[in-house]
Amino acid sequence: FCGDEIFLQLQLNDDGTIQETGNQGQGCSISQASSSLRSDALKGRTLEEAEALRELFRRMLAGKKLSAAEIETLGELEALQGVRQFPVRIKCALLAWSVLEDGVKEYRGK
C-alpha cells in the first residue's frame, strides 16, 4: 500500500449514530482522499449504514453497475471511481474502508 498507515476515530451518539470522525496517518494522495471523503460521508450514519456504504464503495471500485439511488448515496465518494482505471491503486482507495471494517468488528466484539 505504498507505505500507507491510516487510523480512524469515531464518536457515537447515544442512539448509535456517528457524531464525529477523525483521521490520522500518512499515505499516498489516493488513500488520504479516500480517508477524508469517508470521514465526511460517515457523519450522521449508524454503524450499519456505514458498513452498507463501505460495501457500496467497494462495489463501485470493482466496476459493478450501480443504480441511480446507490450513486446518490455515495455522494462525493463517486469522485474516486476513476481509481478503477489503475488497478494497483484500488487498494489505496480501499485502505480507509478496511480500517473502518476492522474497527467496527472490534467494537462489536467488546
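It should be noted that the structure appears before, not after, this text.
All values reported here derive from a predicted model rather than from experimental measurement. (Residues numbered from 1 in each chain as written. Predicted model: local features only at pLDDT ≥ 70, side-chain atom pairs only at ≥ 80, totals over all residues. Heavy atoms only, no water.)

A. Spatial organisation of the overall build of the protein. Along the backbone of the protein there are four helices and two strands. Starting at the N terminus and ending at the C terminus, the protein contains elements arranged as β-β-α-α-α-α. The globule rule puts the C-alpha radius of gyration for 110 residues at 13 Å, and the 13 Å found for the protein is close to it. Projected onto its principal axes, the C-alpha positions of the protein cover 40 × 35 × 20 Å. Relative to its 110 residues, the protein shows a buried fraction of 35%. (Helix = DSSP H or I, 4+ residues; strand = E, 2+ residues; numbered from the N terminus. Rg over C-alpha atoms; globule rule 2.2 N^0.38 Å. Buried < 20%, exposed > 50% of the residue type's maximum accessible area, 1.4 Å probe, protein only.)

B. Structural context of the side chain of Arg 38. Mapping Arg 38 onto the fold places it in helix 1 (residues 29-42). Look at Arg 38: it is buried, it has no salt bridge, and the nearest opposite charge is Asp 40 at 9.3 Å. Non-local contacts of Arg 38, meaning those with residues more than four positions away in its chain, are made with Ile 6, Phe 7, Leu 8, Asn 23, Leu 77, Ala 96, Trp 97, Val 99 and Leu 100. (Lys, Arg positive; Asp, Glu negative; His and termini not counted. Salt bridge = Lys/Arg side-chain N within 4 Å of Asp/Glu carboxyl O. Contact = heavy atoms within 4.5 Å.)

C. The side chain of Ser 35, seen in detail. Along the chain, Ser 35 falls in helix 1. For Ser 35, a relative accessible area of 2% puts it in the buried group. In this view, Ser 35 contacts Ile 6, Asn 23 and Ala 96; residues no more than four positions away in its chain are not counted.

D. Looking closely at the environment of Arg 38. In this structure Arg 38 comes out as buried when scored by relative accessible area, which is 0%. With 39 residues separating them along the chain, Arg 38 and Leu 77 place their C-alpha atoms 7.4 Å apart. Within the local environment of Arg 38, its side chain forms a polar contact with the side chain of Ser 35, the two groups lying 3.2 Å apart. Polar contacts involving the side chain of Arg 38 include one to the main-chain carbonyl oxygen of Ala 96, which spans 2.5 Å. (Polar contact = N/O pair within 3.5 Å; in protein donor to acceptor, adjacent residues only side chain to side chain.)

E. Expanded view of helix 4 (residues 90-109). Helix length check: helix 4, at 20 residues, gives a terminal C-alpha distance of 28 Å against a target of 28 Å (1.5 Å per residue), a fit within 8%. Most pronounced at Ala 96, the bend in helix 4 amounts to some 35 degrees. For helix 4, the full list of buried residues reads Ile 90, Cys 92, Ala 93, Leu 94, Leu 95, Ala 96, Trp 97, Leu 100 and Val 104. Contact partners of the buried residues in helix 4: strand 1 (5-12), helix 1 and helix 2 (47-61). (Expected span 1.5 Å × (residues − 1). Bend = angle between axes of the 7 residues up to and from the residue.)

F. Just the packing of helix 1 against helix 4, in detail. At their nearest, the axes of helix 1 and helix 4 sit 7 Å apart, and the two run at 45 degrees to each other. Taken together, helix 1 and helix 4 sit at an angle that is classed as oblique. Crossing of helix 1 against helix 4: the hand is right-handed. Seen from helix 1, the contacting residues are Ile 30, Ser 31, Ser 34, Ser 35, Arg 38 and Leu 42; seen from helix 4, they are Cys 92, Ala 93, Ala 96, Trp 97, Val 99 and Leu 100. Residue composition of the contact of helix 1 with helix 4, by class: eight nonpolar, three polar and one charged. (Axes fitted to C-alpha atoms, helices over the stretch in contact; angles between N-to-C directions. Parallel < 35°, antiparallel > 145°, perpendicular 65-115°, else oblique. Left-handed = near helix turned anticlockwise from the far one by under 90°. Nonpolar A, V, L, I, M, F, W, Y, C, P; charged D, E, K, R; others polar.)

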